[in-house]
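Residue-level listing of the chains:
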Number of protein chains: 2
Amino acid sequence: MNAIAPSHLSARSRHPSSSIPHPLQRLDAVAIISSCGPRQELCREGQPASTIYRVIAGAALRSVIRPDGRRQVVDLLFPGDFFGLTAGADYDNTVESAARGTIVAGYPRKRAEAQADSDPKFARELRQIAFDELSRLQAQLLILGRVTVPEKVGSFIVAVAHRLSPGCGDRVTLPISRYDIADYLAVSAETVSRSLSELQRRGVIRLTGTRVLQILDREALEEHDHHDWLSSLPSRRAPSQLPPASCASTPSRTASAN
Amino acid sequence: MNAIAPSHLSARSRHPSSSIPHPLQRLDAVAIISSCGPRQELCREGQPASTIYRVIAGAALRSVIRPDGRRQVVDLLFPGDFFGLTAGADYDNTVESAARGTIVAGYPRKRAEAQADSDPKFARELRQIAFDELSRLQAQLLILGRVTVPEKVGSFIVAVAHRLSPGCGDRVTLPISRYDIADYLAVSAETVSRSLSELQRRGVIRLTGTRVLQILDREALEEHDHHDWLSSLPSRRAPSQLPPASCASTPSRTASAN
DNA sequence: CGAGTGGTTGAAATCCGTCAAGAATAGTGG
DNA sequence: CCACTATTCTTGACGGATTTCAACCACTCG
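Treat the numbers as computed from the prediction; the structure is a model and nothing was measured. (Residues numbered from 1 in each chain as written. Chains lettered and ligands numbered in written order. Predicted model: local features only at pLDDT ≥ 70, side-chain atom pairs only at ≥ 80, totals over all residues. Heavy atoms only, no water.)

A. Structural detail: the protein's contact with DNA strand D. Taken together, the neighbourhood of DNA strand D is formed by 19 residues, with R178, S193 and S197 of chain A together with V149 and T191 of chain B sitting nearest. In this structure, S193 of chain A approaches DNA strand D through a side-chain N or O atom, which is 2.7 Å from a phosphate oxygen. At 3.1 Å, a side-chain N or O of R211 of chain A approaches a phosphate oxygen of DNA strand D. Taken together, the elements giving at least two residues each to the surface near DNA strand D come down to α4 (178–185) and α5 (189–201) of chain A together with α3 (149–164) and α5 (189–201) of chain B. When residues of the surface near DNA strand D are assigned to their parent elements, the largest contribution, four residues, is made by α5 of chain A. Residue composition of the surface near DNA strand D, by class: four nonpolar, seven polar and eight charged. (Near = heavy atom within 4 Å. Polar contact = N/O pair within 3.5 Å; in protein donor to acceptor, adjacent residues only side chain to side chain. Helix = DSSP H or I, 4+ residues; strand = E, 2+ residues; numbered from the N terminus. Nonpolar A, V, L, I, M, F, W, Y, C, P; charged D, E, K, R; others polar.)

B. Quick look at the pattern of salt bridges. The tally for this structure, following the rule as stated, stands at 30 salt bridges over all chains. D81 of chain A is the partner of R163 of chain A in a salt bridge, and the nearest nitrogen-oxygen pair spans 2.5 Å. Highlighted residues: R163 of chain A in helix α3 (residues 149–164) and D81 of chain A in the loop between β6 (71–77) and β7 (82–83), separated in sequence by 82 residues. D117 of chain B is the salt-bridge partner of R124 of chain A, the closest N and O atoms lying 2.7 Å from each other. With R124 of chain A in helix α2 (residues 120–144) and D117 of chain B in helix α1 (residues 109–118), this pair bridges two chains. (Salt bridge = Lys/Arg side-chain N within 4 Å of Asp/Glu carboxyl O.)

C. View of the layout of surface pockets. Computed from the structure, the largest pocket encloses a volume of approximately 1,200 Å³. Taken together, the elements giving at least two residues each to the lining of the largest pocket come down to β5 (60–65) of chain A together with α2 (120–144) and α3 of chain B. Looking at the lining of the largest pocket residue by residue, the class counts come to 23 nonpolar, 10 polar and 12 charged. Considering only enclosed or pocket space, the second largest pocket measures out at about 830 Å³ in volume. If you go around the second largest pocket, you meet 31 residues; those closest to its centre are A139, L142, I143, A159 and H162 of chain A. Residue assignment for the lining of the second largest pocket shows that the elements contributing at least two residues are α2 and α3 of chain A together with β5 (60–65) of chain B. (1 Å grid on protein atoms, 1.4 Å probe; cavity = no way out; pocket = protein on both sides within 12 Å on 5 of 7 lines; lining within 4 Å. Points joined across faces, edges and corners; volume = space filled by probe spheres on them.)

D. Just the sheet that holds strand β8 (residues 94–97) of chain A, in detail. Taken together, four strands build an open sheet; the order of strands is β3-β8-β5-β6 (chain A) and the sheet is antiparallel. Either end of the sheet is taken by a strand with one partner, and the two such strands are β3 (41–43) and β6 of chain A. Averaged over all pairs of adjacent strands, the angle between their axes in this sheet comes to 35°, without regard to strand direction. Sheet topology places β5 of chain A next to β8 of chain A; four bridges connect them, and they run antiparallel. Opposite A60 of chain A, over in β8 of chain A, you have S97 of chain A as the bridge partner. Across the sheet, α4 of chain A touches β5 and β6 of chain A, and the angle it forms with β6 of chain A is around 100°. In the packing of α2 of chain B onto the sheet, the strands contacted are β5 and β6 of chain A, and the crossing angle to β6 of chain A comes to about 135°. (Pairing = 2+ DSSP bridges. Axes fitted to C-alpha atoms, helices over the stretch in contact; angles between N-to-C directions. Contact = heavy atoms within 4.5 Å.)

E. Structural view of the protein's contact with DNA strand C. In the vicinity of DNA strand C there are 21 residues, among which V149, T191 and R194 of chain A together with R178 and S197 of chain B approach most closely. Here DNA strand C approaches the protein such that, of its atoms within 4 Å, sugar and phosphate make up 61%. Note that a base nitrogen of DNA strand C is positioned 3.4 Å from one of the side-chain N or O atoms of E190 of chain A. A distance of 2.6 Å separates a phosphate oxygen of DNA strand C from a polar atom in the side chain of T191 of chain A. For the surface near DNA strand C, the elements supplying multiple residues, two or more each, are α3 and α5 of chain A together with α4 (178–185) and α5 of chain B. Looking at which element gives the most residues to the surface near DNA strand C, the answer is α5 of chain B, with four residues. Split into classes, the residues belonging to the surface near DNA strand C amount to four nonpolar, eight polar and nine charged.

Right, here's the structure in full:
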């Protein structure tokens, strides 16, 4: 049952640790707080998913290993993010801590699901956790969809800044290594490094430390790659306007595929 | 309320259309079936998300338009897939039909959420819909994470084959155009075309029609890109074995970040 | 039959991954 | 506290892959 109980984790306690509100707060009393080292496995693919985790401090990576040995980071988990909530009985991916001083809280899944069945509000909170994950995955899809690597790195920086210090501040501290960033962006670590240097050379960011940087031109980071796109001509790639009003209110042909 | 009621859709009826079981079946009685033309907008980003949709036939694309005019397809929707279930009050993305003869069912969101609050089983089904979408998004992340375009196209073909005709069959009918595939894989349409040709030249697939192909070597499609990866040496990129047992059962240092 | 969409293929420039070496940082032990 | 070492990070050079621009076919629809 508790087969995957994090026997390899430690510093367990039952102190609710954080006082900020969060979806599974009602279960804080039974939460298990674990503090873990730099590159520690928090849950492994294929093992029974008996625990839902929430990151309290630090950062964690959800990743898969490809048959060719390449690692792909599927989700980047910061304080407040949940992981381990799956549809099936087992974990889909491996999650490992990416930073020192990473702390997670573990909630018993059975308890959560039982609570959801009796408490509609709690059920909505559980749904919210899934929505949050959808949001993160979609954000990453948009990053991976960018064309050049400097663009990817730029969007990544903006995303991290937004998630770590919402709204305020130009200063960003990257919580993971270049290699982790590379596996997250599906590019090589060297190119990540080069892109950071190039962004600095362009005056878009300023590297004040290996993992600390300052955003100088947020506009340029988020958007274009210094291409001028004054050409707003609706290329066939961007059918912003779909077939205008032609078939808008008229009955579209009843599918020929019926 | 029904502000986004698909006035531009048509052929509405209240016949439950399909008899196969699905999560929102309990609401089939109030479902609105719509049949739509080739490139018709089903819901638009920013509009109030008052309807949850299910694809009955055909295919649909959930996409965003980048500031540079490029379109990115975020989700590919086949029969059985739901869309429009959001966390917030408005739709996050635009969804358009990608094939002729696409049919969708619309379920009132308010009804669904109300039902979920009073029926735990229904709440689980709603959660399942979110999990399914998570599953699709993650699958796409893995495709986008592949290195070469032939690999991306190969995984795409396998994924489509798996979703359209589970298990059986070598024959696949691509339900969307090359341009849609390109925007889904975040590559140029020309390269998609070239990759298909190359895969055929390699004897991995056989194009029997512009959108119909036959899988000849499923193994090669899913896996490597004819690179020999007999080198199973655990490069630093693939820490399959994390710090072995060193800190496995011993208390990891209590985070210095406390 | 002509127009338009969708699809394929070619050639050139660019971008990125790989290999390789060097620099900086952090962690360890004395 | 310092030196030592391993890791992480940066930069260079080269070859291959992809994008872009362009032209050319196939098919469908009116």
